[in-house]
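As a plain string of letters, each chain reads:
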Amino acid sequence: MSRVRDLTARAIGELLRGPGLLLHIGPLVARIGTSLIELVEPTRSLYAGFAIADAEPLEDFEVRIERGTLLRRWFAPQAVAFVDGQRAFAPFPRSHCLPMLEWAINWCVFTRPNQYLLLHSAVVERGGRGLLLPGRPGAGKSTLAAGLVLRGWRLLSDEVAMVPPGTTQLVPVPRPVGLKNGSIDAIRRFAPDVVLGPSTAGTRKGTVAHMVPPDDSVARGTEPARPAWIVFPRFESGVATELRPVSRPEAFLRVAYQSFNYSMLGSVGFETLAAIVARCACYELRYHDLDEAVRAIEETDPAPSRPSSGARSEVVP
Amino acid sequence: MKGRADRDLLLAVLRDPRRFRTLETDEWGQFVPAARRAGILSRLACLAGDIDVEGPVPARARAQLGASRPLAEHHARTLRWEVARIRDALSGLGVKIVLLKGAAYVVGGLPAGVGRLATDVDLLVARDRIEDVERALVAAGFGAMKLHPYDQRYYRRWAHELPPLRHARRRSVVDVHHGILPRTARLHPDPAKLLAAAEPVEAPDLWILCAEDLVLHSATHLFQDGDLVGGLRDLVDLDALLRDFGERRAGFWDGLAPRALELGLTRPLWYGLRFCRRLLDTPIPDSTWREVERTGRPAWPLPALMDALALRALCPERDDRRTVGTQIARLALYTRSHWLRMPPALLAYHLARKALRAWIPRRDDEL
Amino acid sequence: MSSPSWRFPAGQELRWRTWDDEFLVYHTNSGDTHRLNAIGAAVLRSIGRGAVSIDTLVDRIAEELRLEPTGALRSEIVELLARLRGLGLAEPVDEPGPGPDGARDR
């Protein structure tokens, strides 16, 4: 199986400009294309370890980043994102093309694969035990996930947990990890030799950079994990690190509330999420210092999960 | 692949769903996004479920079809629940409530409701009860979405419906109609006739239009009430209604043209049947078609003109491959849709105000 | 004091998950997920078994949860029933029910 790093920069450029680069991302196949020459090198480095889907050339979605039309091609240059040939999002400054590529791919992963229950959560794994880090953007889940990954944890995803309904499996969908603003510096301090893609300033979310996912995580992209615990990160300036338990109903509702498609899946969604939460020890982690946060997680052994009691279905006629 | 190949593929599968078994891998790569763009992927996925699609269909394509179903199932559940809550809210009033469009198809158990994406509930009630209905819905937690005062006045004075009402907690929307076309439109189907012929679904409280009227409403909605863009979905509805009623209901084909004549909807019926036949191979008896031609065919050059315009609009190309031809077609149809809805003087006023307001920032708050 | 009767509406499906003394209930027909405390769960289960007057409900719950059947408990139960009604999970008995979900058999 060939990977992106096996291709020359020129070959990649031709694919991106032409039919698109077909990549395996976990269980999904993405077709990525662009006519922006400045995207070739970052794509190549961020996706170096990703396998190319040449055996069966069928994608789950296509993302293209193209130059703006007419005037905006040269004057205050803009770029436009297309998903499956349709304009997606408003045009954006051409300099934001890399974050926009990543966000467009994110959008596809969040909204398309509804054969899975999709939770807004980072997922990492160590020693056969999966850790869910659910949270809204800004809660610190990507930063924490990146920190753990840099300490040797496997990355399954930095944004979305994919669960086949009726199972308690976490399906990997490894991608470059998006870091924003202060997180970028925090990660550099945490691991000075981390490999980050280029930084883009001035986006809607501030300054954005991406951490290359470890080769091992990408290579194991077809290997699911079993969740053992759920930790809700709450990054807050200046607080002391505190890991406090959270009740399962509370954890359930918080996760459901942030899910992309919990409502859509009906009772199957309910049962699947309940089974996941039942297996997990649930905590909230307030933190400011990334080092301490990572240590707090590594030093806590998730208790062998007490199964939930009294799961019951009633159909009242 | 050219844009037209997308469309041809889509139409081929719509005409004969067994085509699923023969699509090549690269055709799947064109077909799925095209179907999704047309708003019919989940419907096709549900139909595919009825055909044996194991084997020749790539696993990934099968997964994509499967992934489109939960949303449609969610919409169907939501529609049924909303209808139940609305009926609860209106139960004391003694008003005949006729469900329209998606709600009618789903609650009525019609094939047109399968795999449909729709959550708004459309109702038809007698005009003289509309204030009572509005009041009862508001009491049940629905609120008027805040509109610019001009839009409010437009709705209440000229349109065939109340401004949409949104439920404060559930965020669902109900559209209460007292007619199926605006009062200012060129055609005037009598709502009283529609109400009188409605059939019970869950008597004594819920009704849907009779078979012929469901067909006429669908055709009218598509060809008189909008600009056709993305209307393939509506044409698919119409085709589903025609096939189902044509098969199941004795006398349906014979009654269709006379009913259209009675309601003054011969023109939209002509368009509906013509395009269903041409694009979707809907089996329409020659006798019915001859009658519809006789009563509804528009004067030259409209048939050929509409053919060219409608085909482009119904199956729009991808944004990244849009041709000038399509853009012209869409503009022409947009103009036509307004022309059909309003007399010229009112139209000019309406468009002028819309243009003016596009330049002035406004607050579009919702309750 | 009048004591109207309440019941669980016909044709509704509920799924329960219980953890310690907190209850999550999924209402399939509406797609709503509810979190109930012990009283809420007891009320819902009680009306699910059949129509029951408020007086009986208060006594039953007081006994089940070992509480005093006070006016405060009664008020809480009455308020809860009103809220459940708004959610489609309870209905007063003397009114004609709206029916399950309006779907005709295909």
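What you see is a predicted model; the values in this text were computed from it and never measured. (Residues numbered from 1 in each chain as written. Chains lettered and ligands numbered in written order. Predicted model: local features only at pLDDT ≥ 70, side-chain atom pairs only at ≥ 80, totals over all residues. Heavy atoms only, no water.)

Helix and strand counts for chain A come out as 9 helices and 16 strands. Over its C-alpha atoms chain A spans a radius of gyration of 20 Å, differing by no more than 12% from the 20 Å that the globule rule assigns to 317 residues. Seen through its C-alpha atoms, chain A measures out along the principal axes to roughly 60 × 50 × 35 Å. The proportion of buried residues among the 317 residues of chain A is 58%. Considering only residue pairs separated by 6 or more positions, chain A has 72% of its internal contacts joining residues 24 or more positions apart. When the accessible surface of chain A is split by element, carbon and sulfur atoms take 54% of a total near 12600 Å². (Helix = DSSP H or I, 4+ residues; strand = E, 2+ residues; numbered from the N terminus. Rg over C-alpha atoms; globule rule 2.2 N^0.38 Å. Buried < 20%, exposed > 50% of the residue type's maximum accessible area, 1.4 Å probe, protein only. Contact = heavy atoms within 4.5 Å. Areas by Shrake-Rupley, 256 points an atom, 1.4 Å probe, with all protein chains shown as cover.)

As a further point, take the overall build of chain B. Counting its regular elements, chain B contains 16 helices and 7 strands. By residue count, 55% of the 367 residues in chain B fall in the buried class. In chain B, of all internal contacts separated by at least 6 residues, the share reaching a separation of at least 24 is 70%. As displayed, chain B offers around 15700 Å² of accessible surface, 54% of which is attributable to carbon and sulfur atoms.

All names here are of chain A. Taken domain by domain, chain A comprises domain 1 (4–111) and domain 2 (117–299). Put simply, the middle of domain 1 and the middle of domain 2, counted by C-alpha atoms, are 25 Å apart. The interface is formed by 20 residues belonging to domain 1 together with 26 residues belonging to domain 2. Carbon and sulfur atoms supply 70% of the area that domain 1 and domain 2 bury against each other, a total of about 2000 Å² over both sides. Between domain 1 and domain 2 we count 2 salt bridges in total. Between Glu 102 and Arg 175 there is a salt bridge, with the nearest N and O atoms lying 2.8 Å from each other. At the surface where domain 1 touches domain 2, the tally comes to 5 residue pairs in polar contact (both at pLDDT 80 or more). Secondary structure elements with two or more residues in the side of domain 1 that touches domain 2: helix H2 (40–46) and helix H3 (97–111). The element that contributes the greatest number of residues to the side of domain 1 that touches domain 2 is H3, accounting for 8 residues. (Domains from an automatic or database assignment. Buried area = accessible area lost by both parts, 1.4 Å probe. Salt bridge = Lys/Arg side-chain N within 4 Å of Asp/Glu carboxyl O. Polar contact = N/O pair within 3.5 Å; in protein donor to acceptor, adjacent residues only side chain to side chain.)

All names here are of chain B. Positive phi, close to 50°, is recorded for Lys 101, a residue that is not glycine. Relative to the helices and strands, Lys 101 is located in helix H5 (residues 101–107). Not every positive phi belongs to a glycine, and Arg 171 is a case in point at roughly 65°. In this fold, Arg 171 is placed in the loop between strand S4 (165–167) and strand S5 (173–177). On the basis of relative accessible area, Arg 171 is assigned to the partly exposed category, the value being 38%.

This brings us to the state of the cysteines. A full pass over the atoms with the stated rule returns 0 disulfides over all chains. Here Cys 280 of chain A stays unpaired: no disulfide links it, and the sulfur of Cys 282 of chain A, its closest cysteine neighbor, is 5.9 Å away. Between Cys 210 of chain B, a free cysteine, and Cys 276 of chain B, which holds the nearest cysteine sulfur, the sulfur-to-sulfur gap is 18 Å. Judged by relative accessible area, which is 7%, Cys 210 of chain B ranks as buried. (Disulfide = S-S within 2.5 Å.)

On to helix H4 (residues 141–150) of chain A. All names here are of chain A. Burial within H4 is extensive, with 9 of its 10 residues counted as buried. By the burial criterion, the buried members of H4 are Lys 141, Ser 142, Thr 143, Leu 144, Ala 145, Ala 146, Gly 147, Leu 148 and Val 149. Immediately downstream of H4, the backbone of Gly 152 shows phi near 105°, a positive value.

On to the sheet that holds strand S6 (residues 199–202) of chain B, then. Residues and elements named next belong to chain B. Reading across the sheet, the 7 strands line up as S3-S4-S5-S2-S1-S7-S6 and stay open at both edges, with mixed pairing between neighbours. Looking at strand neighbours, the two that pair on one side only are strand S3 (142–144) and S6, the edges of this open sheet. The sheet shows a mean angle of 40° between the axes of neighbouring strands, taken without regard to direction. Here strand S1 (residues 97–100) runs beside strand S7 (residues 206–208); their pairing, made up of 3 bridges, is parallel. Among the inter-strand pairings, Leu 99 is bridged to a residue of S7, identified as Ile 208. Relative to the sheet, helix H4 (residues 59–90) contacts S1, strand S2 (121–124), S3, S5, S6 and S7, its axis offset from that of S2 by approximately 40°. (Pairing = 2+ DSSP bridges. Axes fitted to C-alpha atoms, helices over the stretch in contact; angles between N-to-C directions.)

Right, let's get into the interface of chain A and chain B. Counting residues at the interface gives 23 residues for chain A and 20 residues for chain B. Together, the buried faces of chain A and chain B total about 1800 Å²; carbon and sulfur atoms form 52% of this surface. Interface area lost by chain A to chain B is led by Leu 58, Gln 86 and Met 264 of chain A, which between them contribute 32%. Linking chain A with chain B are 3 salt bridges, by the criterion used here.

With that settled, the discussion passes to the layout of surface pockets. When its volume is computed, the second largest pocket comes out at roughly 690 Å³. If you trace the second largest pocket, you find 23 residues lining it, with Ser 263 of chain A, His 74 of chain B together with Ser 30, Gly 31 and Asp 32 of chain C closest to the centre. Secondary-structure elements contributing two or more residues to the lining of the second largest pocket are helix H7 (248–257) of chain A, H4 of chain B together with strand S4 (32–36) of chain C. When residues in the lining of the second largest pocket are grouped by element, the largest group, 6 residues, is from H4 of chain B. Here the lining of the second largest pocket is built from residues that sort into 6 nonpolar, 10 polar and 7 charged. (1 Å grid on protein atoms, 1.4 Å probe; cavity = no way out; pocket = protein on both sides within 12 Å on 5 of 7 lines; lining within 4 Å. Points joined across faces, edges and corners; volume = space filled by probe spheres on them. Nonpolar A, V, L, I, M, F, W, Y, C, P; charged D, E, K, R; others polar.)

Together, Leu 70, Leu 71 and Phe 75 of chain A make up an exposed nonpolar region whose accessible area comes to about 400 Å². Structurally, Phe 75 of chain A is set in the loop between strand S3 (61–67) and strand S4 (78–83). (Patch = residues over 30% accessible without salt bridge, like charges linked within 9 Å, V, L, I, M, F, W, Y side chains within 5 Å.)

Below, the discussion takes up the side chain of His 96 of chain A. Structurally, His 96 of chain A is set in the loop between strand S5 (86–93) and H3. Look past the residues within four positions of His 96 of chain A in its chain and what remains in contact with it is Thr 200, Ala 201, Gly 202 and Thr 203 of chain A.

A separate point is the confidence of the model for chain B. The predicted model of chain B has a mean per-residue pLDDT of 85, with 89% of residues at 70 or higher. With pLDDT under 50 throughout, residues 361–367 of chain B is counted as low confidence; its partners more than four residues away or in other chains account for 12 contacts. (pLDDT = per-residue confidence, 0-100.)

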